[in-house]
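Analysis of the macromolecular model
Residue strings, one per chain:
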Amino acid sequence: MEEMPVQDLQNGESHYELAVKDVMLELIDDVSLGLCFEVHRACKFGTLFLGDTDPKSQREHELVDRPGVDVFGQVPTKKQFECMCPNCERNLAASRFAPHLEKCMGMGRNSSRIASRRQAAMAKETENRMVNPFITDDSPDDDNDVDWSYHVDKKVKRLKKDKLSNSPRRNKFHKFRNGDSNSDRSATPEPPSYELMSLEERKHLLLSTCGVISEHTKKMCTRSHKCPQHTDEQRQKVRSFLLGHSGVEDDVNIDIDSLDDLDGQLIRENLQWEAGSNASSPADSNSTNNSIGSSYKKPTGKSGKSKKKKYKGGHGGGSGVTSLTHSASDSNLYEFE
Amino acid sequence: DMKRKDAQMRATINQKLIETGERERLKELLRTRLIECGWRDQLKQHCKEVVKQKGLEHITVDDLVSEITPKGRALVPDNVKKELLQRIRTFLAQQSNI
């Protein structure tokens, strides 16, 4: 674009500046024209004066532009809204209205919980009142006040007692003491009280499990005969204890070789059975016969006593052989069969 | 002669503004600024008064335009004017470089 000569024509302004100014004015005129068209259209449609009210209210509701105050002229503090409960007709703060209504109308989780608790307390109270004529008429709400009334302690005690009596730990003790209390609630049916079981059942159990009775829990160990927690000696003790101390002498515990309790036939039976079933060394199978002999007619389990015999006897085979010969000494072990 | 040059100059300016689309952009900018400063509401109020004066039934566009335009020009705040002028000058200065 070519350079314009800087000539003062109109009030010290150059042509150029005037031209620029005129451009601006044209732009302003365009915008004004736009507004005119809009207003004219509104006139012809009848929407021009639609939003207007009478001058009085117009003045009243004019926009407020003062500092420290909002457009309505109000100071911006939080106003507490109050409302009236339709149920109980009380004036309530709006933020507390919803929870109050829940309790007031009796709908909702919490209110039913509280109501049922109150019911229980009331029922107990009336029951107590029949029992104890000296109880004063405290409202159920006072139940929370432990110092006050006699029947409150009962409720608290009962709650506590209920909790405790249901715990599994207590159940264990109960089993061995009472025998049948809480037996339904226990999670573990095993081990049942050895006092309750008949001889047959005990034998059966001792055959299949280790059976050593723990000092703390008075429970029989339910692991296999080879359970690492208990020694064979313990197992022996348990068996003698459970089976009624049927005249087993001490040397049964001490001297393995004398623990030859099998009758000829029994031994042979067991031998056959063991030989068939047990793929381990013949020493093992022989020595197991001994332990089985000390158990019963049912040679079901392999006994951990086999280990013990091996250790003490030195030669598993030897002990086995000797056991065959000494059969009479502990025949009384299975006399009761 | 001067007038012819003047007219030629203006024509050129306008041509440049339109061709590049700068005119539209400037107009949009102006509209925004005028709404922000409340010029539009002021002017609309004035329109209503004119309509009330002239009568709703008989108002014409020309009536409105002739009444509104000078008022409009006068009501534009100075800062808006200055901004617009600056932009035009800048644009034209750029144009002369290309």
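Calculation criteria
- Residues numbered from 1 in each chain as written.
- Chains lettered and ligands numbered in written order.
- Predicted model: local features only at pLDDT ≥ 70, side-chain atom pairs only at ≥ 80, totals over all residues.
- Heavy atoms only, no water.
- UniProt positions renumbered as here; feature names shortened; annotations may be inferred.
- Helix = DSSP H or I, 4+ residues; strand = E, 2+ residues; numbered from the N terminus.
- Buried < 20%, exposed > 50% of the residue type's maximum accessible area, 1.4 Å probe, protein only.
- Contact = heavy atoms within 4.5 Å.
- Buried area = accessible area lost by both parts, 1.4 Å probe.
- Salt bridge = Lys/Arg side-chain N within 4 Å of Asp/Glu carboxyl O.
- Polar contact = N/O pair within 3.5 Å; in protein donor to acceptor, adjacent residues only side chain to side chain.
- Core = buried A, V, L, I, M, F, W, Y, C linked by side-chain atoms within 4.5 Å.

- An unreviewed UniProt entry lists chain B under the name ENY2 factor, with Pinctada imbricata given as the organism.
- Word for word, the UniProt comment on chain B under Subcellular location (unreviewed entry) is "Nucleus, Nucleoplasm".

- In the nomenclature of an unreviewed UniProt entry, chain A is known as SAGA-associated factor 11 homolog of Pinctada imbricata.
- A UniProt comment under Subunit (unreviewed entry) is attached to chain A, and it reads "Component of some SAGA transcription coactivator-HAT complexes. Within the SAGA complex, participates to a subcomplex of SAGA called the DUB module (deubiquitination module)."

1. Some thoughts on the overall build of chain B
- For chain B, the count of helices and strands is 5 helices and 0 strands.
- Going through the 98 residues of chain B one by one, you find that 34% of them count as buried.

2. Topic: the interface of chain A and chain B
- Taken together, the contact between chain A and chain B spans 34 residues of the former and 41 residues of the latter.
- Buried surface at the junction of chain A and chain B, both sides included, amounts to about 3800 Å², of which 73% is carbon and sulfur.
- The interface formed by chain A and chain B contains 8 salt bridges.
- A salt bridge links Lys48(B) to Asp52(A); the shortest N-O distance between them is 3.7 Å.
- Applying the counting rule to chain A against chain B returns 9 residue pairs in polar contact (both at pLDDT 80 or more).

3. A few points about the UniProt feature "zinc finger region: SGF11-type" (unreviewed entry) in chain A
- With numbering aligned to this structure, UniProt lists the feature "zinc finger region: SGF11-type" (unreviewed entry) at residues 83-104 of chain A.
- In residues 83-104 of chain A, the share of helix is 36% and the share of strand is 23%. The end C-alpha atoms are 14 Å apart.

4. Some words on the nonpolar core
- Ranked by size, the top nonpolar core spans 36 residues in total, and within it Val39(A), Leu30(B), Leu64(B) and Ile88(B) carry the most contacts.
- If you list the elements that add at least two residues to this core, you get α1 (15-45) of chain A together with α1 (2-20), α2 (22-36), α3 (39-54), α4 (61-75) and α5 (78-97) of chain B.
- At 13 residues, the largest contribution of residues to this core is made by α1(A).
- If we skip the residues at most four places from it in the chain, Leu64(B) touches Cys36(A), Val39(A), His40(A), Cys47(B), Val50(B), Val51(B), Ile59(B) and Thr69(B).
- Formed by 11 residues, the second largest nonpolar core is a distinct cluster that contains Ile213(A), Cys221(A), Cys227(A) and Val238(A).

5. Section: the side chain of Thr209(A)
All names here are of chain A.
- For Thr209, the location among the structural elements is in the loop between α7 (199-208) and α8 (232-242).
- Thr209 sits in the buried class, given a relative accessible area of 12%.
- If we skip the residues at most four places from it in the chain, Thr209 touches Cys221, Thr222, Arg223, Ser224, His225 and Arg239.

6. A few points about the pattern of salt bridges
Residues and elements named next belong to chain B.
- Per the counting criterion, the structure on display carries 17 salt bridges over all chains.
- With a shortest N-O distance of 3.1 Å, Arg25 and Glu22 are connected by a salt bridge. Of the two residues, Arg25 and Glu22 are both situated in helix α2; the distance of 3 residues between them amounts to about one turn of the helix.
- The residue Arg31 makes a salt bridge to Glu28 at a minimum N-O spacing of 2.5 Å.

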